[in-house]
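Residue strings, one per chain:
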Amino acid sequence: MYNLRTMWIMDTLHFIQSAYIGGHFIAATLCVVLSIFHQCSPYPTGAPLVACQEMRPYHPPTTTSGAPPFAINLTSSVYKPGSEIKGTIYSPSGVVFRGFLIQARKADNSSTTPFGEFIVTGTDTHTNCGDANKQGLTHTTNSNKTKIDFTWKAPMSSQGDVHFKMTIVESYNVSRYWLSIYSSVVQDCSLHPSSDCNEITTKKPTTRPVETTGTSPSETTGTVSPITSTPKVITTQTPGKKIPNDPGCGTTKGCFPDCSGGCDYLVTWQQTPQNGIRGVNFDFQMMMKDMDNVWIAIGFSPTGKMDETNVIACLSGNGVTVESSHNEGYSNVMYQSKTMGLSNMQGTARDGKIACSFTREISMNVSDFMNLKDEAYLLVGTGPVVNGIKQQHTKLPKASSSKVNFLSNKVSKESDSATPLIKLHGSLMVLAWVLCSSVGVVVARHCKSMMQSKMLCGVRYWFAVHRTLMFVVVLCVVVAFVAIFYEVGGFSKISAEPGREYTKAHPYLGIIVTAFTLLNPIMAFFRPSPDHKNRPVFNWAHFSVGTAAHIIAVVTIFFGIKLSKAKVDEYAMYVMIIYSVIFVLVQFILEVHRRRITSTGAVNYGKLNSNSVKYGAVASIHMTSTRKAHIDESEETKEETSKFSNVVLFVHAILMVAAATFLVLNICIPSHFHVK
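Quantities reported herein were computed from a predicted structural model and do not represent experimental measurements.

What about the overall build of the protein chain?
Counting its secondary structure elements, the protein chain contains nine helices and 26 strands. Put simply, the protein chain has 676 residues, and 44% of those count as buried. Long-range pairs, those at least 24 residues apart, make up 66% of the contacts in the protein chain with a sequence separation of at least 6.

Right, dumping it as structure tokens:
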């Protein structure tokens, strides 16, 4: 029996044959294109019934790879016949999605038959698949979604353990979808009687992570058993609560950071006695708002960056587990044993704090295992855990200001500034757009009468100033662009903090700004002469590209200030707001003044009244004297305009220098701007 895809192909081929024989090849080609478009087009009102078995969207091949960035939050990990479980589909890292299809199936994947039924709780979902089209749940619109709430009712008879299988469509234009995403197992109470079965209706929500694409929970490898029997805890950090300083810091222990005033995290270390395994005892604590399915980790880095870093992570979920790994580039790779080089591992999660301790061997005859006799930067980070797998950190890891000797008892300070290349990138972009471009634009638009009688390098004075400033803009942007690409090792997607997802646009906008910055001087090289018919077209194109570059650059700087890597003070945002207001205000004042002077100083010499013709020579003498008077008046008006524009330009330039200086100093030495 043919499926829908086979029928579509046969119908299309039959039409091509008949249409081509009839001489309508163009019409046939058009129809094929439309048919292909229809076949590949998304389903904005939900997954079709044909997708229920394979749970695969009829889209072009996906471009996704790695672990899915989506998870399921469930109210219960057990079920009884007829009981209800509420859940939420969401992304721990804030990734939006367009469509989805979810079903409940046997946990051992022995059948593709869905079980139970979904209850529609809102207008953004509807049911499909299975008996009465209620055993699957899908979307009703293709709008961007951050989460979907659902309710699932268990079948009226025992079906064994089940899990939820889900497909997520992240985007349509660039085909991105995720297949075979599984929740953790929901146990059948008739097979696994427990106290949880008596509390199904009162059990608090627990986060159920998704699993790696194409792998069922029973197939997951490398799971570490909890080191302690600490129960799963979801708690809220007490406002203002800090980790106190360890009295042994600086005397019997090494510490990071300087925690004399209380800290949000603390790492201490102490070399073990000479007998037995030689290692270093570490104690690691961090205050956390959400303590369920998260990781905290320390890293030993030779460069202060994430690549080539040895990582020891404490994962909080059903207890606290400790595991050892290393970074290859920006990918985290587990050692052959997850606890390689570790011993004496313990962990707790309570009172808004995750704490773990372990002994790390000083050295091992294993590649990529850092010798603790070598000094290294100490990194501290945190992020979500999905199906027992660490996901990318949600905040920029903290780093020591210098390399640490882990065999000493020194206290290491936290770095409060960005790397040199990030400082260079930010400083050059500020100089380019806040200073040079902001002044150069005003000069070109409103100050063409500046020192009009003087020439500089063979061109008018205003043009020489404008061209010089714009050359500096191009130079700064190119150097800044190269510097940041070298720093991050190519194009780098930003890991945005919660609430700052918009900062992910920073690198994309930066590339657009760089492209526009290079395009304008190339256009200027082919600039037509002033009397050429295409000169107005060039003027508008030059103005449009330059204005777009400046606006996008300012927006990009705003986003950059909010990046964790920038490590600038919050006052930089206020300065950028003041700068933007001043720039717009100056442009407005000069534009109004220019139009006022132009309208009042315009003189029409082409018209003579009737008396001019009647009185001949007298009229001629009168016209000449009148024109001279108007010319003198025009020169006075032009001089007045020039003086006013030059004064405004001078004030504007001073303010731009002040704003750029503050921002550059804030980028390079932010600690001097921190308010205690």
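Let's talk about the state of the cysteines
Following the criterion strictly, the structure yields four disulfides and no others. Between the sulfur atoms of Cys 52 and its disulfide mate Cys 129 the distance is 1.9 Å. Where Cys 52 bonds to Cys 129 through sulfur, the torsion about that S-S bond is close to -85 degrees, and the disulfide is left-handed. Remark: Cys 129 occurs in the loop between β6 (125-128) and β7 (136-139) and Cys 52 occurs in the loop between α2 (25-40) and β1 (71-74); sequence separation between them is 77 residues.

Re the nonpolar core
Within the largest apolar cluster, 47 residues are counted, with the highest numbers of intra-cluster contacts made by Trp 433, Val 434, Met 576 and Tyr 579. Counting residues per element, the ones that place at least two in this core are α3 (420-446), α4 (461-488), α6 (535-561), α7 (571-601) and α9 (617-668). Broken down by element, the residue count for this core peaks at 12 residues, all from α3. Excluding residues within four positions of it along the chain, Tyr 579 makes contact with Trp 433, Val 434, Ser 438, His 550, Val 554, Met 656 and Ala 659. Counting 31 residues, the second-largest nonpolar core is a separate cluster that includes Trp 269, Cys 356, Leu 372 and Val 380.

Considerations on unusual backbone geometry
Negative phi values dominate among residues other than glycine, just as trans dominates among peptide bonds. In the segment running from Phe 256 into Pro 257, the intervening peptide bond is cis, with an omega of -5 degrees. Counting through the fold element by element, Pro 257 comes out in the loop between β13 (254-256) and β14 (265-271). A positive phi is found at Asn 293, a non-glycine position, where the angle reads about 55 degrees. If you trace the backbone, Asn 293 turns up in the loop between β15 (279-287) and β16 (294-301). Phi is positive for Asp 351, which is not a glycine, with a value near 55 degrees.

Describing the pairing of strand β17 (residues 310-317)
By the criterion of burial, β17 is predominantly enclosed, with eight of the eight residues buried. Side chains Asn 310, Ile 312, Cys 314 and Ser 316 of β17 all project onto a buried face; the interleaved residues Val 311, Ala 313, Leu 315 and Gly 317 project onto the opposite face, where all are buried too. In this structure, β16 lies alongside β17, joined through seven bridges in antiparallel fashion. Note on β17: the bridge partner recorded for Ala 297 is Ala 313. As paired elements, β17 and strand β18 (residues 319-328) share eight bridges and run antiparallel to each other. Each residue of the ladder has a partner; that of Asn 310, found in β18, is His 326. Counting the residues in the hairpin turn of β17 and β18 gives one residue.

Remarks on the environment of Val 545
If you trace the backbone, Val 545 turns up in helix α6. The class of Val 545 is buried, set by a relative accessible area of 14%. Taking the C-alpha atoms as reference points, Val 545 and Met 523, separated by 22 residues in sequence, lie 9.7 Å from one another. In contact with Val 545, not counting residues within four places along its chain, are Phe 516, Leu 519, Asn 520 and Met 523.

Regarding the sheet that holds strand β20 (residues 342-350)
Pairing in this open sheet of five strands is antiparallel, and the strands run β13-β14-β15-β21-β20 from one edge to the other. Unpaired on one side and paired on the other, β13 and β20 mark the two borders of the sheet. Averaged over all pairs of adjacent strands, the angle between strand axes in this sheet comes to 10 degrees, irrespective of strand direction.

Re the sheet that holds β7
With antiparallel pairing, five strands are arranged side by side in an open sheet as β6-β7-β4-β9-β10. Among the strands making up the open sheet, the edge pair consists of β6 and β10 (176-182). Adjacent strand axes in the sheet meet at a mean angle of 20 degrees, parallel and antiparallel pairs treated alike.

Section: a nonpolar patch on the surface
On the surface, a nonpolar cluster with roughly 630 Å² of combined accessible area is contributed by Val 478, Val 482, Leu 518, Ile 522, Phe 525 and Phe 526. Of all elements in the fold, only α4 and α5 (506-525) reach the threshold of two or more residues within the nonpolar patch. The greatest single-element share of the nonpolar patch, amounting to three residues, is contributed by α5. By the element assignment, Val 482 lies in helix α4. Among the residues examined, Val 482 registers a relative accessible area of 51% and is labelled exposed.

Looking at the pattern of salt bridges
Within this structure, the stated rule accounts for eight salt bridges. The salt bridge involving Lys 253 is made with Asp 246; its shortest N-O contact spans 3.1 Å. This pair shows no difference in class: Lys 253 is buried, exactly as Asp 246 is. Lys 390 is paired through a salt bridge with Glu 323; the nearest N and O atoms lie 2.6 Å apart. Here Glu 323 lies in strand β18 and Lys 390 lies in strand β23 (residues 389-390), a separation of 67 residues in the sequence.

What to know about the packing of aromatic side chains
If you walk through the whole model with that rule in mind, you get 21 aromatic pairs. With 4.7 Å between their ring centres and 25 degrees between their planes, Phe 481 and Phe 485 make a pair best called stacked. Here Phe 481 pairs with Phe 485, and both are found in helix α4, just four residues apart, close to one helical turn. You can call Phe 481 partly exposed: its relative accessible area is 24%. A connected cluster of aromatic rings, assembled from ring pairs, spans Tyr 79, Phe 118, Phe 150, Trp 152 and Phe 164. Across from the ring centre of Phe 369, 3.8 Å away, lies the NZ or CZ of Arg 360, which sits over that ring.

Thresholds applied
- Residues numbered from 1 in each chain as written.
- Predicted model: local features only at pLDDT ≥ 70, side-chain atom pairs only at ≥ 80, totals over all residues.
- Heavy atoms only, no water.
- Helix = DSSP H or I, 4+ residues; strand = E, 2+ residues; numbered from the N terminus.
- Buried < 20%, exposed > 50% of the residue type's maximum accessible area, 1.4 Å probe, protein only.
- Contact = heavy atoms within 4.5 Å.
- Disulfide = S-S within 2.5 Å.
- Core = buried A, V, L, I, M, F, W, Y, C linked by side-chain atoms within 4.5 Å.
- Pairing = 2+ DSSP bridges.
- Axes fitted to C-alpha atoms, helices over the stretch in contact; angles between N-to-C directions.
- Patch = residues over 30% accessible without salt bridge, like charges linked within 9 Å, V, L, I, M, F, W, Y side chains within 5 Å.
- Areas by Shrake-Rupley, 256 points an atom, 1.4 Å probe, with all protein chains shown as cover.
- Salt bridge = Lys/Arg side-chain N within 4 Å of Asp/Glu carboxyl O.
- Phe/Tyr/Trp six-rings, centres within 6.5 Å; stacked < 30°, edge-to-face > 60°.
- Lys NZ or Arg CZ within 6 Å of the ring centre and 35° of its normal.

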